[in-house]
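Residue-level structural notes
Here's the letter readout for the chains.
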Amino acid sequence: MKSNEIQKSPPSNWSRINKQACNSSFRYHYIRKSTVLDLVTPIAIIISLKGECLMKQIASFTIDHLKLLPGVYVSRKDTVGNEIITTFDIRVTRPNFEPVMNTAEIHTIEHLAATYLRNDKDFGNKIIYFGPMGCRTGFYLLLAGDYESKDIVPLLTNMFEFVRDFEGEVPGAAAFNCGNYLDMNLPMAKYIANRYLNEVLSSIDDTRLIYPN
Ligand SMILES: [Zn+2]
């Protein structure tokens, strides 16, 4: 919803925010109609008669995480200039049903996967970003271009095989290159990569390529 659309009440999926955190620079807001002056009064943040502040919920919070299985999903598509950026949800553990990854193996996968992706002959120059989700159940991959989730299954297969088969010193795992270089667990990274290859990528279908309704 754009700021110039008139709403009598906020949409149901907006999040209530502590009033102290409200900020007039927010992009999204709605316009409250004044019952006293019968004027349309623009306000930069949503303050209802109770003094509430609401912010638009970001798209990824609207996915039912209780139905979400480990898989490869398109999280969102954004347009930057004339280019579409596709954000993928690479979900490694089942949210709220199985243990999340520890930071050490996430960190190791991040170093190895980012190194692989930026060196891939087909996708290397399209990689915008690869990094972990804060909930530690998966990773985000941002690619320049308009893609569907099945388009990157071969890329992810190569990437996780690279992690599974990796031996030796993890790239960038040194004090000069990284902010927490001792927090690494290569054996667990290899275990997770192997499990994702076997349980998700090797026989993937739409139940693990398209978000649940
Ligand atoms: Zn690091």
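These numbers come from a predicted model, not from an experiment.

Moving on, we come to the overall build of the protein chain. The secondary structure content of the protein chain amounts to three helices and eight strands. Counting every position in the protein chain, which comprises 213 residues, the buried fraction comes to 25%. Sequence-distant contacts, at least 24 apart, represent 65% of the contacts inside the protein chain between residues at least 6 apart.

Moving on: the pairing of strand β8 (residues 138-144). For strand β6 (residues 83-91) and β8, the ladder comprises seven bridges, and the chain directions are antiparallel. Residue pairing for β8: T87 is matched across the bridge by L142. In this structure, strand β7 (residues 127-132) lies alongside β8, joined through five bridges in antiparallel fashion. Counterpart to P132 in the pairing with β8 is F139. Linking two consecutive strands that pair antiparallel, namely β7 and β8, is a turn of five residues; a positive phi of about 65 degrees is found at R136 within it.

Okay, the environment of L156 next. If you trace the backbone, L156 turns up in helix α2 (residues 153-165). Residue class for L156 comes out buried when judged on the 22 C-beta atoms lying within 10 Å of it. As a C-alpha pair, L156 and L197 span 41 residues in sequence and 8.8 Å in three-dimensional space. If we skip the residues at most four places from it in the chain, L156 touches V72, I90 and L201.

Looking at soluble globular proteins, one finds that nonpolar side chains tend to be buried together. Core analysis: the largest hydrophobic core is formed by 33 residues, its most contacted members being I109, L112, A113, M159 and V163. Of all the secondary structure elements, the ones that give two or more residues to this core are β5 (71-80), β6, α1 (103-119), β8, α2 and α3 (186-201). It is α3 that contributes the most residues to this core, seven residues altogether. Those residues in contact with M159 that sit more than four places away from it in its chain are A113, Y116 and L117.

Despite not being glycine, N96 shows a phi value in the positive range, around 65 degrees. Along the chain, N96 falls in the loop between β6 and α1. Residue classification places N96 among the exposed residues on the basis of 11 C-beta atoms within 10 Å.

The next point concerns the packing of α1 against α2. It is at 9 Å that the axes of α1 and α2 come closest, and there the two elements cross at 130 degrees. As judged from the angle between their axes, α1 and α2 are oblique. When you trace α1 past α2, the crossing you get is right-handed. Listed contacts from α2 to I109, L112, A113, Y116 and L117 of α1 are M159, F162 and V163. Here the residues of the contact of α1 with α2 sort into eight nonpolar, no polar and no charged.

One key point about sheets: their strands pair by backbone hydrogen bonds, in either a parallel or an antiparallel sense. Ordered by their spatial adjacency, four strands build an open sheet running β5-β6-β8-β7, and the pairing between neighbours is antiparallel. Either end of the sheet is taken by a strand with one partner, and the two such strands are β5 and β7. Between one strand axis and the next, the sheet turns through 15 degrees on average, direction left out of account.

A few words on the environment of E98. Along the chain, E98 falls in the loop between β6 and α1. By the C-beta count within 10 Å, which is 10 here, E98 ends up exposed. Taking the C-alpha atoms as reference, E98 lies 9.2 Å from T137; in sequence the two are 39 residues apart.

About the cut-offs
- All chains use their own residue numbering, which begins from 1 and follows the written sequence.
- The predicted nature of this model means local features are confined to residues of pLDDT at least 70 and side-chain atom pairs, given and counted, to a pLDDT of 80 or more, with totals for whole chains, interfaces and linings taken over all residues.
- Under the DSSP-based scheme used, a helix requires at least four consecutive residues in state H or I and a strand at least two consecutive residues in state E, with every element numbered from the N terminus.
- Counting other C-beta atoms within 10 Å of its own, a residue is labelled buried from 20 upward, exposed at 12 or fewer, and partly exposed in the gap between, with every C-beta atom placed from the backbone.
- Each residue is represented by a C-beta atom placed from its backbone, and any two residues with such atoms within 7 Å are regarded as in contact.
- Two strands qualify as a pair provided DSSP detects at least 2 bridges between them.
- Throughout this description, the term nonpolar core refers to a group of buried Ala, Val, Leu, Ile, Met, Phe, Trp, Tyr and Cys residues whose C-beta atoms join them within 7 Å.
- Only the stretch in contact is used when a helix axis is fitted, and all axes are lines through C-alpha atoms; the angle between N-to-C directions ranges over 0 to 180 degrees.
- For classification, angles of less than 35 degrees are called roughly parallel, those exceeding 145 degrees roughly antiparallel, those between 65 and 115 degrees roughly perpendicular, and all remaining angles oblique.
- What makes a crossing left-handed is the near helix being turned counterclockwise from the far one by less than a right angle; a clockwise turn instead makes it right-handed.
- Each residue is assigned to one of three groups, with Ala, Val, Leu, Ile, Met, Phe, Trp, Tyr, Cys and Pro labelled nonpolar, Asp, Glu, Lys and Arg labelled charged, and all others, Gly among them, labelled polar.

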